[in-house]
Amino acid sequence: MEEKKLALWGYGSYGRSLEKIFARKPDGEYRITAVFDQRFQALTQEGITARNGSLVQDPAQIAAMFQQGLFDAVLLAIYDSTQKKKASSLLRDMGIPIWDTRDMTPMQPASYFKTFKAPLRLSQEGYVQYCFQDQYLEILNTWPFVFDGEGTLNGAYWHRYQRRFDYITQLYCADLSGPVEELPGEWCLLSGVFGKNYWHFTFELLDRFVVLEENGYRGNYLLWHTDFAEELLQLAGADLSRVKWLDDLRPDTVYHFEKLVLAALPDDSYAYAAPVLLRAAETIKQNLPPITHDYPEMLYVQRIGTRKLIIDPDILASYGFHTIIPDQLPVAEQIRYFRHAKIVLSPHGANSTNSLYMEPGSVMIETFPNSYINPCCLTTLELQKDVYYLQVTQRLEPTMKAGADQYADYSVSARLLDLAVRAAKKLAGID
């Protein structure tokens, strides 16, 4: 087979993990011959070079280097979907092939792997517990990969969000040539691609913990450490002596599970998770430490990452909103603010997760940019008794390009916001 020469565009942690995977493939099959990144100058100043020792190049040089025959196609390792689309369009315009990984061997379904117990349908609708034997774990770029002794990737663990990274799972090949460490006993891997994000941890992992505990699982848990994960698990009643953090595992070590449990759901899983999360929310509220001060009835949740809502503080003050930055508060304090508020105004983001803890008669107002409308807390809000939900979306003006940048900061119409706040006050009984 003729060797495929590839250029890698994107040299963040994602691109470097792809490069590491390619380095494991047999000689003469694939070779990364050039690496490009918009931050090439900063990477060079930091002394970061490609695995073959070459400098990271300016993407503006891609066309010239392709004409020189230095590579046959480009593999995009750009995490940001907007930037990835722009790069794809640019390559197509220049007539440069984008390498498609669909010819690689995909992951295998759960039925392919050896088990110590047949799959269990758990008491909560939709949930299945798989019980695998002799599985291995390796971590690349904060993504845990589970595979068997032949290096075959186990597909039971990957839900629809994780499958957005199909080309890293299809390229994946395990490396069993290095040290292997035993994890004796029974373990549940409770971590995902976005496991360090507050919303994804709550809506895609906390529910699994609750269901497994309700069904009598008494083994150990393995997951990424964040302050919110540790605090939420404690509030949900977890025994932290049964928890091991993936962060504590040694790099370049493969771990072997004697017994591995994975709790899985169908791809369209949030409808199944919603009642579980509401049960968990009640337990968490009951376990909160005692209140030490009063909480405002009108709450504005300030987002400090990307996709911030641009709004005049004087406007917020005129309505009577008290502003918090949840990232600067312990989880218990965030929950209390949401629980005691009659109206919450929040730009879309992980902090809207705390709507789980709002009480009957309260109102959640969520704002969105026109480029990214994803009301992902609706599955729980629909089941919360008498918690009202209003949505305010940025208007698409004639000068805007639809869907231009889903990470850009945005503003909403003052008129639409006023209508929403006045409606919320009536629903919440605030004069």
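Criteria and cut-off values
- Residues numbered from 1 in each chain as written.
- Predicted model: local features only at pLDDT ≥ 70, side-chain atom pairs only at ≥ 80, totals over all residues.
- Heavy atoms only, no water.
- Helix = DSSP H or I, 4+ residues; strand = E, 2+ residues; numbered from the N terminus.
- Buried < 20%, exposed > 50% of the residue type's maximum accessible area, 1.4 Å probe, protein only.
- Contact = heavy atoms within 4.5 Å.
- Areas by Shrake-Rupley, 256 points an atom, 1.4 Å probe, with all protein chains shown as cover.
- Lys, Arg positive; Asp, Glu negative; His and termini not counted.
- Charge placed at Lys NZ, Arg CZ, Asp CG, Glu CD.
- Phe/Tyr/Trp six-rings, centres within 6.5 Å; stacked < 30°, edge-to-face > 60°.
- Lys NZ or Arg CZ within 6 Å of the ring centre and 35° of its normal.
- Salt bridge = Lys/Arg side-chain N within 4 Å of Asp/Glu carboxyl O.
- Pairing = 2+ DSSP bridges.
- Axes fitted to C-alpha atoms, helices over the stretch in contact; angles between N-to-C directions.

A. Representation of the overall build of the protein chain in the model. The number of helices and strands found in the protein chain is 12 helices and 15 strands. Structurally, the protein chain occupies a C-alpha span of about 75 × 60 × 35 Å along its principal axes. Within the protein chain, the proportion of its 431 residues that are buried is 52%. Pairs at least 24 apart in sequence give 72% of the contacts found in the protein chain among residues at least 6 apart. When the accessible surface of the protein chain is totalled, it reaches about 19,900 Å², and 48% of it is carbon and sulfur. Side-chain charges of the protein chain comprise 42 positive and 53 negative groups, with the mean position of each set lying 3 Å from the other.

B. Broad picture of the packing of aromatic side chains. Enumeration according to the criterion identifies 19 aromatic pairs in this entry. The interplanar angle of 75° and the centroid separation of 5.0 Å between the aromatic rings of Tyr 112 and Phe 113 together place this pair among those described as edge-to-face. Judged by centre distance (6.3 Å) and plane angle (75°), the ring pair of Tyr 319 and Phe 321 falls under edge-to-face. The two residues Tyr 319 and Phe 321 agree in class, both being buried. Seen from the ring of Tyr 11, Arg 16 lies directly overhead, with NZ or CZ sitting 5.2 Å from the centre. The ring centre of Phe 116 lies 4.9 Å from the NZ or CZ of Lys 259, which sits over that ring.

C. Quick peek at the pattern of salt bridges. According to the stated counting rule, one finds 19 salt bridges in the structure shown. The partner of Glu 297 in a salt bridge is Lys 342, and the shortest N-O contact between them spans 3.8 Å. Residue Glu 297 is found in the loop between helix 8 (270-286) and strand 11 (298-301), and its partner Lys 342 is found in the loop between helix 10 (331-340) and strand 13 (343-347); the two are separated by 45 residues along the sequence. Glu 359 serves as the salt-bridge partner of Arg 339, at 2.8 Å between the closest nitrogen and oxygen.

D. Geometry of the sheet that holds strand 3 (residues 73-76). As summarised here, the arrangement of the 3 strands in space is 2-1-3, forming an open sheet in which the pairing is parallel. In this open sheet, the two strands that pair with only one neighbour each are strand 2 (30-36) and strand 3. The mean angle between the axes of side-by-side strands here comes to 35°, regardless of whether they run parallel or antiparallel. Each of strand 1 (4-9), strand 2 and strand 3 touches helix 1 (residues 13-23); the most contacted strand, strand 1, lies at about 160° to it. Its contacts with the sheet put helix 4 (residues 81-93) on strand 1 and strand 3, and the angle it makes with strand 3 is roughly 175°.

Structural measurements only, silent on function.
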